[in-house]
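# Observations on the model geometry
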Amino acid sequence: MSMPIRHRLQPWLRASAAGLLLTSVIAAQALGAGVTREECEKSYKPSTGQPGKDVVWVPTNDPLVTRMLEMAQVGKNDLVYDLGAGDGKIAIAAAKQFGARAIGVEYNPDMAQLAQCLVKAEGVGDKVKVVQGDIFETDFSSASVITLYLLPELNLRLRPTLLKMKPGTRVVSHSFLMDDWRPDESSVSTDGAAYLWIVPAEVAGKWTFKQQRGDDRFDVNLAQTFQKLSGTVGKGTDDISNAEMSGNKIEMMFSEGDVQTRLKGELKGNQIEAQVTRNDVTSTFIGTRH
Ligand SMILES: C[S@@+](CC[C@H](N)C(=O)[O-])C[C@H]1O[C@@H](n2cnc3c(N)ncnc32)[C@H](O)[C@@H]1O
């Protein structure tokens, strides 16, 4: 008696189905899919306030994470470093909400592993990495945005390194300031306080600005404290005012006699290319340092 076709096919079908399931599990694992936040937290569940190497773990609340990344104007071309990354939430949000690449640096190995698991659970493994390491021994010079939730004294320890970063690099800190390096922007709400700094280019010294299409010229002697500029124009009798750097961008005002001058420019290599407005007439000047 011959077996009905349905029964003869069953073992083959079963084998194919099992093979397919195994293949998709392996593929899902390879893609980092399939793992959930709950599964990540099963292996390690940190508690708020637990000790860390230089500072305890307290996560930044979600609205403030978004606010910090908005203040830094994070976009898809950015590389965000979160120094002291905890469970990786800032790095994950930078990728998920703003399309950026991000690297979290976390000292606690269990926490770093949890963060890596959460990166996969959130499906951003292609954009986000969390590395186990000490922020004071990590080279983060390739970052275009730095996020911090540390302590005032740790911000101060990082400050010399931050100030050497590429002009225009944005630094955002939850709660804590940088002593006399005043923030370029502050946001204080019920979610907490966030502060933004833009690493300023270094422009202190004597500059001569020459009109590009004309014979006009003037000298400026600049002193610089972080992003704030002070100094004099011409023979040193007229002070500049409202003068500051934002990354490579420079702005200042001064008056010579009755004539008010407004300068807006950008440091490009060794020169400042500036639009200078006097008596409602704007022209291009090129500044060179002596
Ligand atoms: C206040 S939590 C902030 C976590 C995360 N950035 C956030 O805002 O949600 C600080 C984190 O820094 C970590 N940490 C402390 N000292 C560190 C160091 N020297 N290097 C790297 N991570 C450190 C702690 O383990 C903790 O997870």
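Residues numbered from 1 in each chain as written. Predicted model: local features only at pLDDT ≥ 70, side-chain atom pairs only at ≥ 80, totals over all residues. Heavy atoms only, no water.

The protein appears in an unreviewed UniProt entry as Class I SAM-dependent methyltransferase from Steroidobacter flavus.

## Overview of the site of the ligand
Taken together, 22 residues lie around the ligand, and Asp54, Thr60, Asp82, Gly84 and Glu106 are the ones closest in. With respect to the ligand, the side chain of aspartate 134 contributes an N or O atom lying 3.0 Å from a nitrogen atom. Take isoleucine 135: an N or O atom from its main chain is 3.0 Å from a nitrogen atom of the ligand. Against a free-state accessible area of 600 Å², the protein chains account for coverage of 99% of the ligand. More than half of the atoms of the ligand fall within 2 Å of the grid points belonging to the largest pocket. Looking at the shell around the ligand, the elements that each hand over two or more residues are helix H4 (89-98) and strand E2 (101-106). Taken together, the residues that form the shell around the ligand break down as 11 nonpolar, 5 polar and 6 charged. (Near = heavy atom within 4 Å. Polar contact = N/O pair within 3.5 Å; in protein donor to acceptor, adjacent residues only side chain to side chain. Areas by Shrake-Rupley, 256 points an atom, 1.4 Å probe, with all protein chains shown as cover. 1 Å grid on protein atoms, 1.4 Å probe; cavity = no way out; pocket = protein on both sides within 12 Å on 5 of 7 lines; lining within 4 Å. Sits in = over half its atoms within 2 Å of the grid points. Helix = DSSP H or I, 4+ residues; strand = E, 2+ residues; numbered from the N terminus. Nonpolar A, V, L, I, M, F, W, Y, C, P; charged D, E, K, R; others polar.)

## Topic: the nonpolar core
If you look at the biggest cluster of nonpolar residues, it comprises 34 residues, and the most contacted ones within it are Leu69, Val74, Val80 and Val128. Of all the secondary structure elements, the ones that give two or more residues to this core are helix H3 (62-71), H4, helix H5 (109-121), strand E3 (128-132) and strand E7 (192-198). The element that contributes the greatest number of residues to this core is H4, accounting for 7 residues. When residues no more than four places from it in sequence are discounted, the contact partners of valine 74 are Leu69, Val80, Phe98, Ala100, Val145 and Arg170. Core analysis: the next-biggest nonpolar cluster, separate from the first, contains 23 residues, Leu83, Phe140, Leu150 and Leu158 among them. (Core = buried A, V, L, I, M, F, W, Y, C linked by side-chain atoms within 4.5 Å. Buried < 20%, exposed > 50% of the residue type's maximum accessible area, 1.4 Å probe, protein only. Contact = heavy atoms within 4.5 Å.)

## Points about the pattern of salt bridges
Per the counting criterion, the structure on display carries 16 salt bridges. Among the ionic contacts, a cluster of salt bridges with common partners joins Arg37, Lys96 and Glu122. (Salt bridge = Lys/Arg side-chain N within 4 Å of Asp/Glu carboxyl O.)

## Topic: the sheet that holds strand E13 (residues 259-268)
A barrel is described by the order of its strands in space; here 8 strands give the closed sequence E8-E9-E10-E11-E12-E13-E14-E15, paired in antiparallel fashion. Here the average twist between neighbouring strands, direction ignored, is 30 degrees. With 5 bridges joining them, strand E11 (residues 238-246) and strand E12 (residues 249-256) adopt antiparallel strand pairing. Bridge pairing in E12 places methionine 245 opposite isoleucine 250. (Pairing = 2+ DSSP bridges. Axes fitted to C-alpha atoms, helices over the stretch in contact; angles between N-to-C directions.)

## What to know about the state of the cysteines
If you walk through the whole model with that rule in mind, you get 1 disulfide. Paired through a disulfide, cysteine 40 and cysteine 117 show a sulfur-sulfur distance of 2.2 Å. Its S-S torsion of approximately -85 degrees makes the covalent link between cysteine 40 and cysteine 117 left-handed. Taken together, the residues cysteine 40 in helix H2 (residues 37-43) and cysteine 117 in helix H5 connect sequence positions 77 residues apart. (Disulfide = S-S within 2.5 Å.)

## So, the side chain of threonine 169
Secondary-structure assignment places threonine 169 in the loop between helix H6 (152-163) and strand E5 (170-174). In terms of polar contacts, threonine 169 uses its side chain to reach the backbone carbonyl oxygen of lysine 166, at 2.6 Å. Excluding residues that lie within four positions of it along the chain, threonine 169 makes contacts with Ala143, Ser144, Val145, Trp197, Ile198 and Val199.

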